[in-house]
Structure formats: structure tokens, C-alpha cells
Amino acid sequence: MSLLSDLDRWRDAGAITMQQHEVLTALVRKDRFSVFTELTALLYLGVVAFIAGAGWTIQTHFARLGDASILLTLTVAFGASLYYCFSHGSSYSHAQQESPDFAFDYILYFGCLMFGLELGFVEFRFHLLQDRWDHYLLLTSVVYFVLAYRFDNRLVLSLALSTLAGWFGFRLFRLQWFAGSLRVDALIYSALVAATGAAFHRAGIKKHFLEAYLHVAVNVALAASVTGVFDSSTSGYFVVLLGLAGAAIAGGLQFRRFPFVVYGVLYGYAGISDVLLRGVHEDTKIFGYFAVSATVVIVCLVVAARRFGRDA
Amino acid sequence: MRRYSETDERSVRAQAEIRAWRGAGLIDASQAETLLAGYPVELRRTNVFLRVALAFFTALVVAAVVFFVLEVLNFHDATGVTIVAGVASVACLVVAEALIGTFRLYRFGVEEMLAACSVILLSISVSEFWTSGTSSFVAALVTSSAGGFAVYRRFGFVWAAFASMCCAAVIPFQFARLPISGERALSAAILGLILLVVRPKRTRDGEEWPGDEYGVIQAAAFGGVYLVLNLHLFPDMIRALGDRAGGWFYWCTWIMTWLLPAVGLFLAVRDKDRPLLIVSVAMAIGTLISNKPYLGWTRHEWDPMLLGVLLVAVAVALRRWLSNGPDGVRYGFTAARIFRDKDSALTLLSAAPFPVKPHIHAPASPAPSGFDGGRSGGAGGGGSF
């Protein structure tokens with residue numbers, strides 16, 4: 001029980017106050033054992049299981065249940081979630097806000113998923129937008145964005161970003177702007193997402209959302225450009241990949257956001273290796289390349305780790 | 001004998017604890033500095049992201065070097081592979097030891113992957129040496145299990161103990177002459193034995209090192225016994241059992257699917273054992289999901305909804321009950337958030353169940369017969385579900 005004895009020593013030496021000693025001792029002795037994370041995980045699983053079950057039930061029994069009852073139920077569920085959030089939530093602020101209560105974030109999340117389910121059902125049954133059904137995605141995405149910002153909810157923001165990706169990909173594909181090229185769509189999408197996140201950050205609106213935007217944008221952009229390198233003989237994607245990977249590494253190191261360093265290194269390494277090994281068919285050369293190049297990467301990462309990333 | 005001293009191990013954990021207190025605002029920055037100074041550690045560590053990247057590239061180097069040597073020496077037969085893999089295994093271990101000794105690496109990714117590669121290469125070497133099919137795989141599993149355990153004992157890598165346990169649990173499944181019930185019973189017995197060995201140590205040491213490691217191993221063994229005995233978690237299992245699905249073994253496993261989560265929850269709550277608590281809750285959810293098929297009852301489409309309602313109700317009721325206790329605490333449990341390190345994981349999880357499939361067209365028919373697969377983000381908003 002060394003930590004407990006040290007706590008006593010720190011209290012006697014005046015390094016911590018009596019009150020702090022009491023709180024910390026309770027934590028170390030497990031007299032105060034928080035199950036907050038476990039309970040929120042249960043909530044999350046509960047919401048996801050419920051939505052999955054609702055979708056499955058509607059899919060199987062929509063004829064028996066009737067359109068009106070399904071729509072009414074989904075609308076009431078969405079409306080009730082919104083009512084709860086607007087009546088219990090604090091007023092909007094640009095700054096990061098604490099959830100007003102334990103279940104608040106998950107009630108909003110539940111409402112948003114119900115909304116998505118409802119729009120899906122409407123299109124499936126009534127085909128209101130016909131060939132322009134992708135507008136549902138855009139509408140869903142806009143609603144999610146508004147709610148994510150209004151209630152400071154990163155769960156809903158993630159939904160908004162993934163739904164927007166769906167709309168964006170489908171829209172560009174249908175317009176045949178870049179026929180057959182998902183990669184350009186993906187690059188445009190990631191640029192838009194990154195720019196939106198940066199603009200909000202610069203404007204001081206929910207600055208803590210920026211990282212969620214960047215995770216999505218960087219991964220989509222790097223994945224698009226590295227697959228472009230794999231499939232293309234031209235150097236365009238390779239240049240884009242090098243630039244993006246370099247920016248991800250530099251930004252990650254500068255702002256101590258190490259996932260971005262790892263994204264840049266992994267995607268960059270994959271692209272560079274593909275280019276360098278083109279036309280090489282001798283196994284010894286290929287294995288030799290990986291042995292040497294991966295060692296170089298390790299050395300660089302070790303230097304970065306020692307200089308920037310000592311601890312999590 | 002452990003590679004890291006007891007003082008280092010305890011200091012690393014104490015530092016983590018102090019940083020968590022600082023993160024939770026329980027002490028201020030200057031106090032944290034003062035307290036951290038009491039736990040000097042000369043080990044080189046890094047964050048989890050760089051650790052994973054370093055481990056990945058280390059694995060790449062080891063694999064490339066081994067294949068390079070095999071190619072250069074033109075060793076393509078079993079003997080050649082046995083020799084090269086064996087030598088490489090020793091080399092990996094020596095380099096890992098040297099890196100730790102020279103640079104004082106601690107959970108740095110490189111030394112961990114070298115130790116892992118050492119075990120894997122040794123297993124390959126033994127497997128190649130043992131030429132007959134099934135026996136060679138069993139020999140590889142036995143070697144991996146023993147090697148993983150040795151790596152855990154030497155370096156304290158809990159994942160190595162976990163891997164060792166997994167390999168040991170898989171061994172009974174390699175004997176074709178064993179009945180399926182025998183395979184599962186034997187596998188569960190191995191995991192149960194590990195549990196029996198680890199549990200007293202966990203009880204003795206609690207959260208103090210190495211008790212925290214034993215806690216994780218204990219929970220993994222507990223979960224492993226459950227995974228092996230719950231015949232309805234994976235559909236293939238029950239098909240393999242065939243006609244014997246209704247026999248005594250089947251019903252014994254059904255009882256165990258209820259008993260294990262109950263016992264696990266009881267022990268976890270009594271001892272405030274977080275790893276066991278998480279595994280026990282997961283086991284309980286697994287039991288709720290698999291109970292109907294166990295009893296041969298029809299599964300309904302709304303079952304997940306009921307499960308969801310139950311989970312939410314349990315979470316909300318527990319939260320309310322705990323919060324209404326004196327000072328928000330009951331029997332030492334609180335629903336209040338103290339540490340804030342798990343937020344990002346849940347945020348990243350949030351989009352996972354609703355993958356984006358952007359280029360699937362809406363159904364052309366005006367009166368489709370049913371919903372046809374997930375389409376996009378937003379819970380399928382905008383078309384067929």
C-alpha cells in the first residue's frame with residue numbers, strides 16, 4: 001500500500017491539503033469507485049441495440065404495423081427526444097458545455113437515429129423525392145450538424161459527418177463530375193470537412209469539435225490518395241499523398257496530436273513503398289527494402305517519440 | 001526474473017495515478033509536479049499511438065529480415081526454416097533485452113514487438129521441426145503458450161499472458177479424436193485452472209503492482225471460460241454439435257452461461273474489480289442474447305429493442321440509485337464522473353454501427369417488397385434501410 005502511505009506523507013509535509021488527502025485516499029482505497037464509464041457504455045449499447053431492433057422490426061413487419069403507426073411512433077420518439085433536450089439542455093454557447101444530465105447525450109443520439117430511421121422509411125414507402133432521394137442524406141446531415149452544435153454532442157457530430165460523406169459521394173457520383181473516381185470525391189469531401197472544422201474553430205464556435213473533423217478528413221484524404229497511388233501510374237496522387245502525409249505528421253507533432261503522426265507515417269509509407277517497388281520483382285530486393293526502410297521509419301519515430309511524445 | 005525492477009513498476013503506476021488526479025482536477029499542476037518528483041523513473045516511454053506505430057514497423061523489419069535471409073541463403077525446406085526462425089527468435093530476444101538494458105525502453109512498442117516476434121518465430125521453428133501436420137500445429141501452440149508466459153514473466157507484458165492463455169485454450173480443439181464436448185470442457189478447464197492460479201494473487205495484491213496485471217489476466221480467463229462454454233455465441237459451434245445439442249453437456253453449458261456472469265458480477269462488485277466487472281457485464285449481455293436460441297425459443301425482430309430498453313433501464317436505474325445515496329455514493333460506488341480519459345473512445349465509436357455506403361441506388365420499384373440492407377450514415381436515412 002505504498003501510495004496510501006505516500007498520501008499520508010504528502011499530507012504531513014503539506015504537499016496536499018487535508019481535503020485532498022481525504023478524496024485521494026478514498027479513491028486509492030476504492031472507497032469511492034466510479035462506474036460512470038460503464039454506465040454510459042451501457043446506455044450507448046442500449047440505444048444502438050434499440051435502434052437496430054426498431055429497424056429490423058419495421059423492415060419485417062411494416063405491412064402489418066401500418067405506415068401511419070410506424071411514422072407516428074418514430075415521429076413521437078424523435079419529437080420527445082428533442083423536447084427533452086430543449087427543455088433540459090442549457091442555452092447555446094460557443095464554448096464547450098457539460099451535459100446537463102447523465103443520459104442527455106444519449107437521448108439526443110437516440111432521437112437523431114430515430115430521425116434517420118424515419119426518413120429512410122418515408123423514402124422507402126412513399127418515394128417522395130424519387131431519384132433525388134439522396135437529398136434525404138443531406139437533410140439528415142444538416143439536422144445532425146445543427147443538433148450537434150446546439151447541444152455540444154460529438155456523437156451526433158460523427159453521425160453528421162458520416163451522413164454527409166454518404167450524400168457527398170452519392171451526389172458527385174450521380175452528377176458524373178468525376179466519373180468512376182471516388183477518390184476525387186473523397187478528396188473534395190475531406191477538404192470541405194477540414195475547411196468547415198477549421199472555419200468554426202477560427203470563429204471560436206465549438207473549438208473542441210475540430211479534432212473530430214480532422215480525424216475524418218485526414219483519414220479520408222490519405223486513404224483516397226494512397227489508393228490513387230496504388231492504382232495510378234501518374235504522379236499526381238503521389239504528390240498529393242506526400243503533401244498530405246507531411247502535413248499530418250508536422251501538424252501532429254506541432255500540436256501533440258499523435259494519431260495524425262501515425263496516419264501520416266502509415267499512409268505515407270504505404271504510398272512511397274508502392275512507388276519505389278514498382279517494377280521490382282526480386283524477392284531479396286523487396287525484403288531488403290522493407291528491412292531498411294522500416295528501420296529508418298523506426299529511428300525517425302523514436303526520435304519523434306523522445307522529442308515530442310514522451311507520454312500519452 | 002522480471003526485467004524491470006519493482007520500484008520502476010510501482011513508480012510508473014504511481015505516476016499514471018498522479019497524472020489522472022491532475023487531469024481530474026483533484027490536485028493542481030504544481031502539486032502534481034511535487035508528487036511526481038517522489039517517483040523518479042528513468043524509463044523511456046511513449047504514448048499509445050507512437051507505441052502502436054513502432055510495434056508495427058518493428059514487426060515489418062523482423063519479417064523482412066527473416067524472409068531476406070531465407071531468400072539469400074536459399075533455405076526453402078523445413079530444416080532451413082527451422083534454423084533461420086530459431087536463430088531469429090533468439091536474436092529478437094537478445095535485441096529486446098539489449099534495447100531495454102541500454103535505452104531503458106518501457107512499453108515503447110519496439111521491445112514489445114521484438115519479444116512477440118521471438119515467440120512467434122520460435123513457434124514456427126518448432127512447428128517446422130515437428131513435421132507431421134496436426135502435431136506440428138499443437139507443438140507450435142504449446143511453444144507459443146509457454147513462450148508468451150515466459151515473456152510475461154520476464155517483461156510484464158500483460159498481452160503476452162493473454163496470448164499465452166489463448167494458445168493454451170486452443171490446444172484441445174486440435175485433437176480430432178476428442179468429442180466436441182470434450183474439446184470445450186478441456187479448454188474451459190485450462191482457462192479455469194489459470195483463473196484458480198491467478199485469483200489468489202489478485203486478491204492478495206489488489207490494485208498494487210503486480211495485482212493490476214493479475215486483475216486483467218483473471219478477467220480474461222473468466223471471459224475465456226464463458227466464450228468456450230457458450231455454444232450459441234457463434235452459429236458454427238452449435239451446428240458442429242449436431243444431434244448432441246440437447247444432451248447433458250449442452251444443458252451444463254446453458255447453466256454456466258448464467259452462472260459465470262452472476263459469479264463474476266458478484267466478485268467484481270464485492271472486490272470493486274473493474275476488469276472483472278467489464279467482462280462480467282459483457283458476459284451477462286452475451287447470456288441475454290444467447291438464451292433464446294439455447295432454449296430453442298423463436299427469436300423476434302424486436303428482441304434487440306427489448307435488450308436495448310433493458311440496458312438503458314439498468315443504466316438509468318443504477319445511476320439514479322447511486323446518485324440518491326449520501327454524497328452520491330452507495331457502498332463505495334458512485335455514478336459521478338471522476339476521470340475523463342474515455343470520452344474520445346465513445347466519440348469514435350459513435351459512427352461505427354452506421355457505415356457509409358454512398359453509391360447504392362434507391363430502389364426503382366414503387367412498391368418494394370421489403371427493406372433491403374443498410375445504405376448509409378444517419379441510421380440509413382434516405383432510402384431503404
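A quick note: this is a predicted structure, and the numbers were derived from the prediction, not measured.

**What to know about the confidence of the model for chain B**
Residues and elements named next belong to chain B.
Next, step 1: When pLDDT is averaged along chain B, the result is 87; 85% of the residues meet or exceed 70.
Next, step 2: Mean pLDDT values for the elements of chain B range from 52 in helix α14 (residues 343–349) up to 97 in helix α7 (residues 158–170).
Next, step 3: For residues 350–385, every residue scores under 50 in pLDDT, and the model assigns this stretch 102 contacts once sequence neighbours within four places are set aside.
Next, step 4: For this predicted complex, the interface confidence comes out at an ipTM of 0.90, alongside a pTM of 0.88.

**Thoughts on the packing of helix α5 (residues 104–126) of chain A against helix α6 (residues 134–151) of chain A**
Residues and elements named next belong to chain A.
Next, step 1: Between α5 and α6, whose axes approach to 11 Å, the crossing angle comes to 165°. By the criterion of interaxial angle, the relationship of α5 to α6 is roughly antiparallel. Crossing angle aside, the handedness with which α5 passes α6 is right-handed. Of α6, the residues touching α5 (which contributes Leu-108, Cys-112, Phe-115, Gly-116, Leu-119 and Glu-123) are Tyr-136, Leu-139, Thr-140, Val-143, Tyr-144, Leu-147 and Phe-151.
Next, step 2: For the contact of α5 with α6, the class distribution of residues is ten nonpolar, two polar and one charged.

**Quick notes on the sheet that holds strand β2 (residues 333–334) of chain B**
To summarise the sheet geometry, strands pair through backbone hydrogen bonds and adopt either a parallel or an antiparallel arrangement.
Next, step 1: Here three strands make up an open sheet; going across it, the order is β1(A)-β2(B)-β1(B) and the pairing mixed. Unpaired on one side and paired on the other, β1 (33–34) of chain A together with β1 (329–330) of chain B mark the two borders of the sheet.
Next, step 2: Bridge count for β1 of chain A against β2 of chain B is two bridges, and the pairing is parallel. Each residue of the ladder has a partner; that of Ser-34 of chain A, found in β2 of chain B, is Thr-334 of chain B.

**Considering the interface of chain B and chain A**
Next, step 1: Each side of the interface is counted separately: chain B has 84 residues, and chain A has 94 residues.
Next, step 2: The set of elements that each furnish at least two residues to the side of chain B that touches chain A consists of α1 (6–23), α2 (29–37), α3 (48–72), α12 (274–295), α13 (303–323), β2 and α14 of chain B.
Next, step 3: Considering each element in turn, the side of chain B that touches chain A owes the most residues, 16 residues, to α3 of chain B.
Next, step 4: Partitioned by chemical class, the residues of the side of chain B that touches chain A number 51 nonpolar, 21 polar and twelve charged.

Here is what the cut-offs are and how they apply
Residues numbered from 1 in each chain as written. Chains lettered and ligands numbered in written order. Predicted model: local features only at pLDDT ≥ 70, side-chain atom pairs only at ≥ 80, totals over all residues. pLDDT = per-residue confidence, 0-100. Helix = DSSP H or I, 4+ residues; strand = E, 2+ residues; numbered from the N terminus. Contact = placed C-beta atoms within 7 Å. Axes fitted to C-alpha atoms, helices over the stretch in contact; angles between N-to-C directions. Parallel < 35°, antiparallel > 145°, perpendicular 65-115°, else oblique. Left-handed = near helix turned anticlockwise from the far one by under 90°. Nonpolar A, V, L, I, M, F, W, Y, C, P; charged D, E, K, R; others polar. Pairing = 2+ DSSP bridges.

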